[in-house]
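# Structure assessment
One-letter residues, chain by chain:
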Amino acid sequence: MNNDARRAAVAALIRLSESPGYLDRADAGRALASFAEMPEAKGPLLGLVLDADNTFVTRETAEALLRRHDSAGLAVVAAALADADQNQDDWIHTAVDDVFTAYDTERDAALRECQALEEDADERTRRGAKRLIRALSTILGPARND
């Protein structure tokens, strides 16, 4: 697929993310997570994880980003954790538990990605990465170094 088509898809999903309907925003968050590596998607994704009106949107978007198992998804979740209120924080942590409870290898890979994010240029991402590391460290016992 070419970049123009990807940009058009992201633009459509950004419009959907601005819907007054929480189901529309949740759908936009899940789909937009597929484009988390695109700079124009980061701000809207952050807004969806920090949805002020419905924590279903928070959880669904955070989970989709975490299921990417890459630094692009983890960076958005980390940045959101830095600014999350208590309710959003709880649902982000629920998403972390849901995604990383099954396999310690996936959790360990996420920990390594988050450790790299502690060096990110964005201060909010660095702060959130520390919080995400703490959350990941409580899942499945101690991290393995293999």
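Because the structure is a prediction, the values reported are computed rather than measured.

## Some remarks on the overall build of the chain
- The secondary structure content of the chain amounts to eight helices and zero strands.
- Expected size for 146 residues packed as a compact globule is a radius of gyration near 15 Å; at 15 Å, the chain falls within 12% of this value.
- Projected onto its principal axes, the C-alpha positions of the chain cover 40 × 35 × 30 Å.
- Residue burial in the chain is summarised as follows: out of 146 residues, 43% are buried.
- Long-range contacts, defined here as pairs at least 24 residues apart, represent 67% of the contacts in the chain between residues at least 6 apart.
- Surface exposure of the chain reaches about 7,300 Å², of which carbon and sulfur atoms provide 49%.
- With 18 positive and 27 negative side-chain charges, the chain shows a separation of 2 Å between the mean positions of the two kinds.

## Some details on helix 5 (residues 71–83)
- Here helix 5 spans 19 Å end to end across 13 residues, near enough to the 18 Å set by a 1.5 Å rise per residue.
- Of all the 13 residues making up helix 5, eleven are buried; the element is thus mostly covered by neighbouring parts of the structure.
- Those residues of helix 5 that sit buried are A72, G73, L74, A75, V76, V77, A78, A79, A80, L81 and A82.
- Along its buried surface, helix 5 packs onto helix 3 (39–49), helix 4 (55–66), helix 6 (86–100), helix 7 (104–117) and helix 8 (123–137).

## With respect to unusual backbone geometry
- With a phi angle near 55°, H69 is a residue other than glycine that sits in the positive phi range.
- As for its placement among the helices and strands, H69 is situated in the loop between helix 4 and helix 5.
- Taking relative accessible area as the criterion, H69 reaches 36% and is therefore assigned partly exposed.

## Describing the packing of aromatic side chains
- Applying the stated rule across the entire model yields one aromatic pair.
- Centroid distance Y22 to F56: 6.0 Å. Interplanar angle 85°. Geometry classified as edge-to-face. Taken as a pair, Y22 in helix 2 (residues 22–32) and F56 in helix 4 lie far apart in primary sequence, 34 residues in all.
- Look at F56 and you get partly exposed, because its relative accessible area is 33%.

## Some thoughts on the environment of T55
- Topologically, T55 is positioned in helix 4.
- On the basis of relative accessibility, which here comes to 21%, the residue T55 falls in the partly exposed class.
- Expressed as a C-alpha distance, the spacing of T55 and D89, which sit 34 residues apart in the sequence, is 9.7 Å.
- When near neighbours in sequence (up to four residues on either side) are disregarded, T55 contacts N87 and W91.

## Describing the side chain of E63
- Structurally, E63 can be placed in helix 4.
- Discounting residues that sit within four places of it in the chain, E63 has contacts with A95, D98 and V99.

Conventions and cut-offs
Residues numbered from 1 in each chain as written. Predicted model: local features only at pLDDT ≥ 70, side-chain atom pairs only at ≥ 80, totals over all residues. Heavy atoms only, no water. Helix = DSSP H or I, 4+ residues; strand = E, 2+ residues; numbered from the N terminus. Rg over C-alpha atoms; globule rule 2.2 N^0.38 Å. Buried < 20%, exposed > 50% of the residue type's maximum accessible area, 1.4 Å probe, protein only. Contact = heavy atoms within 4.5 Å. Areas by Shrake-Rupley, 256 points an atom, 1.4 Å probe, with all protein chains shown as cover. Lys, Arg positive; Asp, Glu negative; His and termini not counted. Charge placed at Lys NZ, Arg CZ, Asp CG, Glu CD. Expected span 1.5 Å × (residues − 1). Phe/Tyr/Trp six-rings, centres within 6.5 Å; stacked < 30°, edge-to-face > 60°.

Any functional reading would require information beyond the geometric quantities listed.
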